[in-house]
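Chains, contacts and geometry: an overview
Below are the chains, spelled out letter by letter.
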Amino acid sequence: MGNSHRVDGRAPVHGFYASSSWIEGAAVRQLEAVAAISGVCAVAGMPDLHPGKFGPVGCAILADHIHPAFVGSDAGCGMALFALDIASRRLRIDKAADRLRDVAKPYDGDIAGELAMHGLAPSDFDAALGTIGGGNHFCELQAVEEVFDPNCGIDRDRAYLLVHSGSRGLGHQLLERQVADGLRPLATDSAAGQAYLQAHDHALRWASRNRQVIAQRAAAALRCEADPVCECSHNCVVHRADGVLHRKGAAPSDQGLVVVPGSRGALSYLVAPLATAPKEALWSIAHGAGRKFDRSSMMGRVGATRSDRERLARNPFGGSVICEDRALLVEEAPEAYKPIAGVIGDLEAFGLARVVASFRPLVTVKKIANERPRREDRR
Ligand SMILES: Nc1nc2c(ncn2[C@@H]2O[C@H](COP(=O)(O)O)[C@@H](O)[C@H]2O)c(=O)[nH]1
Ligand SMILES: [Mn+2]
């Protein structure tokens, strides 16, 4: 079981990280503040825990009501991994990077038809379908670094694609509406609760489709096919028999394999969540490395000189980064994130997951146009 503590009769807080792991005090205080909210039953902090705008990121929260703030402004944000039918050793990084630039452009496919085919009602934000967005969203071409479990289905010769994106303006609008209403907890059987859940489910399905369209665009650019390996949302609510489970920057541990990415300069890990995990982990595991430094504090840490900016456009594995927004290149530098090995070590040490494979980044695609960042894309 994790490090647990209970303060003044509040809901128990379980932290699944070693005392030596990098966890900001501000994030722990946010977790404790959540545990003090009336109706919150249990709180689990993952090793990627860090402070967030509306509450901690890297946690799961069980409550008797829906708390829209716990989900945040990007409901449905998640990771999807795809296998490409091309051999990674055949890829020429610069040629692949050149082709993948297309994915950062607006999508000119049949959006209405795409959404209708998947039973998604039209919304005001559909023009963004098939696009990555800003912030730390990305589409990344990867090669297999190591296969630890030969039965996990990962082919060490193939190239893979990891897509991290959310529901764009939909999730933002969903939270804004709740803020306008006073950001109250919602009973699941109330009209407001049902309306939230309906819009939330739409945002989750839209975000999932968005990741698939991004993958199709990347595969088309690389002249290959993309087969889904695994996918999950890490910002969501799940209505369970034992309460309302909120995940904010936490991946599900009850839906099969999960990718836990490091950064554009680090390995990503495919893990198998363990059925024997302690129940205090609330059916969840870490969703990434988690931020070590917030965006504003990255300015001045890296990218001050031209040579350092050139370094930021490559990765330590000889791969490249497509990002024409200079501020974003700095804010999302690999140094902004905690070491992923520590996060994975904590997941293993606390019996939450085992590693089945790891991947290294070849080309990371972020924003190419210098459009203004959307508020929902920022922490
Ligand atoms: N492989 C990559 N991983 C990245 C990159 N930028 C961020 N990250 C990781 O993703 C999670 C996502 O966090 P979220 O709270 O915004 O959902 C983050 O913690 C990092 O570990 C990247 O370019 N490539
Ligand atoms: Mn996310």
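Residues numbered from 1 in each chain as written. Chains lettered and ligands numbered in written order. Predicted model: local features only at pLDDT ≥ 70, side-chain atom pairs only at ≥ 80, totals over all residues. Heavy atoms only, no water.

1. As for the overall build of the chain
We apply this condition: Secondary structure counts use DSSP, requiring at least four H or I residues in a row for a helix and at least two E residues in a row for a strand, with both numbered from the N terminus. Exposure categories follow from relative accessible area, calculated using a 1.4 Å probe and restricted to protein chains: below 20% of the type maximum is buried, above 50% is exposed, and the middle band is partly exposed. A contact between two residues is defined here by any heavy atoms of the two lying within 4.5 Å. Note on areas: Shrake-Rupley, 1.4 Å probe, and residue coverage restricted to the protein chains presented here. When charges are tallied, Lys and Arg are placed among the positive residues and Asp and Glu among the negative ones, while His and the ends of the chain are skipped. Note on charges: their place is set at NZ of Lys, CZ of Arg, CG of Asp or CD of Glu.
Secondary structure summary: the chain contains 10 helices and 16 strands in total. Counting only C-alpha atoms, the chain reaches 60 × 45 × 45 Å along its principal axes. Counting the 379 residues in the chain, one finds 58% classified as buried. Restricting the contact set of the chain to residue pairs at least 6 apart, pairs at least 24 apart contribute 78%. When the accessible area of the chain is evaluated, it comes to approximately 15700 Å², of which 50% is carbon and sulfur surface. In the chain, 45 side chains carry a positive charge and 44 a negative one; their mean positions are 4 Å apart.

2. Digging into the site of ligand 1
Test applied: Definition of nearness: a residue and a molecule or strand are near each other if at least one heavy atom of the residue lies within 4 Å of the molecule or strand. Pairing of N or O atoms within 3.5 Å defines a polar contact, subject to two protein rules: one partner must be a possible hydrogen donor and the other a possible acceptor, and residues neighboring in sequence count only if both atoms are side-chain atoms. Residues are sorted three ways: Asp, Glu, Lys and Arg are charged, Ala, Val, Leu, Ile, Met, Phe, Trp, Tyr, Cys and Pro are nonpolar, and all the rest, Gly among them, are polar.
The immediate surroundings of ligand 1 are formed by 18 residues, with Asn136, Glu140, Gly262, His287 and Ala289 found nearest. One of the side-chain N or O atoms of His164 is found 3.2 Å from an oxygen atom in ligand 1. Arg264 is positioned such that a nitrogen or oxygen atom in its backbone is 3.3 Å from a nitrogen atom of ligand 1. Protein contacts shield 93% of the accessible area of ligand 1, which totals 520 Å² for the unbound molecule. When grouped by side-chain class, the residues that make up the shell around ligand 1 number six nonpolar, 10 polar and two charged.

3. Regarding the coordination of the manganese ion (ligand 2)
In ideal tetrahedral geometry, four donors around a metal make angles of 109.5 degrees, whereas ideal octahedral geometry with six donors gives angles of 90 or 180 degrees. Threshold: We call an atom a donor if it is N, O or S and sits within 2.8 Å of the metal, or 3.2 Å for Na, K and Ca. Water is not counted, so some sites may look partial.
Surrounding the manganese ion (ligand 2) are the protein donor atoms Cys77 (SG), His164 (NE2) and His234 (NE2), which sit 2.2 to 2.4 Å from the metal. Here the donor residues of the manganese ion (ligand 2) are spaced in sequence according to C-x86-H-x69-H. Here His234 lies in the loop between strand E8 (226-233) and strand E9 (235-240) and Cys77 lies in the loop between helix H2 (68-71) and strand E5 (78-87), a separation of 157 residues in the sequence.

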